[in-house]
Amino acid sequence: MNRVHIFAFRMLLASFVLCCYFSVRTLAQTASPSPAPSPTPAAAANPFAPQPAPPLPAGMTGSDVNDPRANLSPGMYDAGEAAQGLKHLMLLKKPYAFDLGSNDPNDPKVNKTLTTVLGVLDPSKMPNANKLVLAGLGFANSDLAFQGKRLFLGNFYGVNIYDISNPAKTTLLTSMICPGGQGDVSVYKNLMFMSVEMTNGRLDCGTQGFPPEPPPPAGQENKPRLPAAQKDRFRGVRIFDIADVKNPKQVAAVQTCRGSHTHTLVVDPNDKDNVYIYVSGTSFVRQSEELAGCSGEAPEKDPNTALFRIDVIKVPLAAPQEAQVVSSPRVFIDPRTGALNGLNNGGTHGKTGLEKPSDSNQCHDITVYSAIGLAAGACSGNGILLDIKDPVHPKRLDAVNDPNYSYWHSASFSNDGKKVVFTDEWGGGLGARCRANDPNKWGADSIFSLKNNKLSFASYYKLPAAQGDSENCVAHNGSLIPVPGRDIEAQAWYQGGISIMDFTDAAHPVEIAYFDRGPIDPKMLVLGGDWSAYWYNGHIYASEIARGLDVFELTPTKFLTQNEINAAEAVRVAELNVQNQERIEWPRTLGVAKAYVDQLERSQALSADQIAALRKSIQNAESSRMKQKELAKLKSLAPSLEKSAVNTKSAADSTRLQALAEILKRPAR
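Reading the values: rules and limits
Residues numbered from 1 in each chain as written. Predicted model: local features only at pLDDT ≥ 70, side-chain atom pairs only at ≥ 80, totals over all residues. Heavy atoms only, no water. Helix = DSSP H or I, 4+ residues; strand = E, 2+ residues; numbered from the N terminus. Rg over C-alpha atoms; globule rule 2.2 N^0.38 Å. Buried < 20%, exposed > 50% of the residue type's maximum accessible area, 1.4 Å probe, protein only. Contact = heavy atoms within 4.5 Å. Areas by Shrake-Rupley, 256 points an atom, 1.4 Å probe, with all protein chains shown as cover. Lys, Arg positive; Asp, Glu negative; His and termini not counted. Charge placed at Lys NZ, Arg CZ, Asp CG, Glu CD. Disulfide = S-S within 2.5 Å. Pairing = 2+ DSSP bridges. Axes fitted to C-alpha atoms, helices over the stretch in contact; angles between N-to-C directions. Parallel < 35°, antiparallel > 145°, perpendicular 65-115°, else oblique. Left-handed = near helix turned anticlockwise from the far one by under 90°. Nonpolar A, V, L, I, M, F, W, Y, C, P; charged D, E, K, R; others polar. Phe/Tyr/Trp six-rings, centres within 6.5 Å; stacked < 30°, edge-to-face > 60°. Salt bridge = Lys/Arg side-chain N within 4 Å of Asp/Glu carboxyl O.

**Considering the overall build of the protein**
Helix and strand counts for the protein stand at 10 helices and 30 strands. For a compact globule of 669 residues, the expected C-alpha radius of gyration is about 26 Å, and the protein comes in at 25 Å, within 12% of that figure. If one aligns the C-alpha atoms of the protein with their principal axes, the spans along those axes are about 90 × 55 × 50 Å. Expressed as a percentage of its 669 residues, the buried residues of the protein come to 59%. Of all intrachain contacts in the protein linking residues separated by at least 6 positions in sequence, the fraction that spans at least 24 positions is 64%. With an accessible surface of roughly 25700 Å², the protein has 52% of that area assigned to carbon and sulfur atoms. Taking the 68 positively charged and 67 negatively charged side chains of the protein as two groups, their mean positions are separated by 3 Å.

**Concerning the environment of Ala82**
With respect to the secondary-structure elements, Ala82 resides in strand β1 (residues 81-84). Separated by 212 residues in the primary sequence, Ala82 and Cys294 place their C-alpha atoms 49 Å from one another.

**Structural notes on the state of the cysteines**
On inspection of all chains with the given rule, the structure shows 4 disulfides. A disulfide bridge connects Cys178 with Cys205, and the sulfur atoms are separated by 2.0 Å. As the torsion about the S-S bond is roughly -60°, the Cys178-Cys205 disulfide counts as left-handed. Of this pair, Cys178 sits in the loop between β6 (171-177) and β7 (182-188) while Cys205 sits in the loop between β8 (191-196) and β9 (236-241), and the two are 27 residues apart along the sequence. Each member of the pair Cys178 and Cys205 is classed as buried. With its sulfur 2.1 Å from that of its partner, Cys363 forms a disulfide with Cys379. Note on the Cys363 and Cys379 pair: the S-S dihedral is about 75°, so by sign convention the disulfide is right-handed. Placement of the pair is Cys363 in the loop between β14 (324-327) and β15 (365-369) and Cys379 in strand β16 (residues 374-379), with a sequence separation of 16 residues. Under the relative-accessibility criterion, Cys379 is labelled buried at 0%.

**Examining the pairing of β16**
Within β16, 6 of the 6 residues are buried, leaving the element largely enclosed by the surrounding structure. Residues Leu374, Ala376 and Ala378 point to one face of β16 and Ala375, Gly377 and Cys379 to the other, with burial holding for every one of them. Two elements, β15 and β16, share 5 bridges in a ladder whose sense is antiparallel. By the bridge assignment, Ile366 is partnered in β16 with Gly377. Note that β16 and strand β17 (residues 382-387) share 6 bridges and pair antiparallel. Residue pairing across strands places Ala375 opposite Leu386, the latter belonging to β17. Remark: 2 residues form the turn of the hairpin made by β16 and β17, two consecutive strands paired antiparallel; Ser380 in that turn has positive phi of roughly 55°.

**Topic: the packing of helix α7 (residues 590-602) against helix α8 (residues 608-623)**
Between α7 and α8, the least distance of the axes is 10 Å, while the angle of their chain directions is 165°. By the angle class used here, α7 and α8 are roughly antiparallel. Of the two possible hands of crossing, α7 and α8 adopt the one that is left-handed. Together, Leu590, Ala593, Lys594, Val597, Asp598, Leu600 and Glu601 of α7 and Ile611, Leu614, Arg615, Ile618, Ala621 and Glu622 of α8 make up the contact between the two elements. The class makeup of the residues in the contact of α7 with α8 is 8 nonpolar, no polar and 5 charged.

**A word on the packing of aromatic side chains**
Counted by the stated rule, this structure contains 15 aromatic pairs. Residues Phe146 and Tyr541 carry aromatic rings whose centres are separated by 5.5 Å and whose planes lie at 50° to one another, so their mutual orientation is tilted. Residue Phe146 is located in strand β3 (residues 141-147), and its partner Tyr541 is located in strand β28 (residues 539-544); the two are separated by 395 residues in the primary sequence. Classification of Phe146 as buried rests on a relative accessible area of 0%. You can call Tyr541 buried: its relative accessible area is 2%.

**Considerations on the pattern of salt bridges**
Tallied over the full model, the rule gives 28 salt bridges. Arg435 is the salt-bridge partner of Asp469, the closest N and O atoms lying 3.5 Å from each other. With Asp469 in the loop between β22 (454-461) and β23 (477-481) and Arg435 in the loop between β20 (419-424) and β21 (445-451), this residue pair connects regions lying 34 residues apart in the sequence. On the accessibility criterion, Asp469 (38% relative accessible area) is partly exposed. Using a relative accessible area of 7% as the deciding quantity, one classes Arg435 as buried. Ionic pairing is found between Arg486 and Glu564, a salt bridge with its closest N-O pair at 3.0 Å. Residue Arg486 is found in the loop between β23 and β24 (488-492), and its partner Glu564 is found in helix α6 (residues 562-569); the two are separated by 78 residues along the sequence. Among the charged side chains, a salt-bridge network with shared partners connects Arg202, Asp204, Lys231 and Asp232.

**Some remarks on the environment of Gly85**
Along the chain, the position of Gly85 falls in the loop between β1 and β2 (86-93). Judged by relative accessible area, which is 9%, Gly85 ranks as buried. Remark: the alpha-carbon pair of Gly85 and Gly101, spanning 16 residues in sequence, is separated by 32 Å. Excluding anything up to four places from it in sequence, Gly85 contacts Ala513, Glu553, Leu554, Thr555 and Thr557.

Following this line, the structure appears as structure tokens:
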């Protein structure tokens, strides 16, 4: 295989995270028998073979090889496991239709997937190992959304809907086949939205894809080509009516020039009649023959280029079939010159060192926080901050870059809006990027402080445990865990598993819990691991790319008490779309007060005698069933807490003391 072909297959498998400039089908069919120079014979035969890690750059350190997670036994469903502070309740395997289900590269299902789902012209020309890896991409699990007692799990092949009434006994409600990748989903009332980016997506959700492209002319085998225009192709955002959750019905399909890699549901607090969808397209721009007005030209050649923008879809709730693109904000523009390509990564790290600067022309993921009127965009070469008070016309307020970041992938705010966590998807989710020789500043989280609409860097956080050469691992999707008084995030790291990070102190984030499995295959990098790990109403759910759906619950440790877990479980929401971040509010209960007391004991913000007095008074009030006499004693403790809040040097402890005092003055019955 030549260099272009190896690159093509790597891009295919990473298409769910990085910009794929060419069609999946075109790349897949450009097979060539000529071998490429490579470090090892195995790599020459298989571009997915694990590659040895390069030496660490000067002054950088890697992950810990002595961690219990570093050498777990391999396996698909019987891999070794390690956990701290997390109890694995269950793994619900993928439905049959969404599982490749074979290790035989000549299995009819493998070949059918390659030809009809991914449009490979002649699978017989592909190495057998590549067949399995590429075919598996057609059934990869992706992002999650929640509504009531239901969980929506996106997949490159469609969506699966689960009943989570009893999380430990989660069951499948609905499987809806609708290929197109990457299948990210969000929900709002009776509507479900799905991202479609790949070229096999059809308006009718058909599985037949499109006819393979004819062989390229002689001498043109390695040149990328756009697929032929197709009137039935769909790339954009699908909208389904899920009033009957067992029978979703597509009511709209909004086409976009680059498709929808991800999307963000935006709810405007001042607009009850509509919701908005921010579309992040990272793939190639389709021809104008397929969708009028599409252009992939550089901005100096075409000021209407589909590059250097996002798209905004307006969805009338009373008539979702009328959804349409209403604006295409130029979030990368240089406000001084008007140049559309106004942001640049400034140069970043690559396999062999610093790469040349390049313009940012796409957002991978955008998280909106409507309660504070802001959005954080992870936009390939930059992290950006947007004003979204007018959701149709978001405006950039700030932008940051970092030479230690390869690809700005996703973002999340702290609940108070004073911090933003960005992730770097170095290697696109395909590479093994958590090894002992992979720098702990690359493929990591970066935590920024946010003040006066300006971002300032605070620190990095990376999965502490070393992973193997065959484990794709890098920072990926996560969500806040609603522990009062702390900033805690559950985060997926692909085959690195799940890491729970406390970033209350933005300059010193720490891991407080984790779960990990051994590699799927010890010799070959097979795509797998947790895509997203999200907290929802008392449990953590993880989308396992190859295996299915994982369900976890927190368990107490020295880093997190049962009272803190109970306080987090007291927060309930009707829906959760993580990229549409909502403000967390805790009930004014004595259960939440206990969590604050535990934290103040841990930080030694109060003396042992004060802690003991607080606990005794809270226990007496609960035992008395909130009698007035005991409530009066609680209230009498509040002034000293408020005084301590003023005098403490810790901002976190000051907030906890004030919140605790407010509960003690007027606890909810």
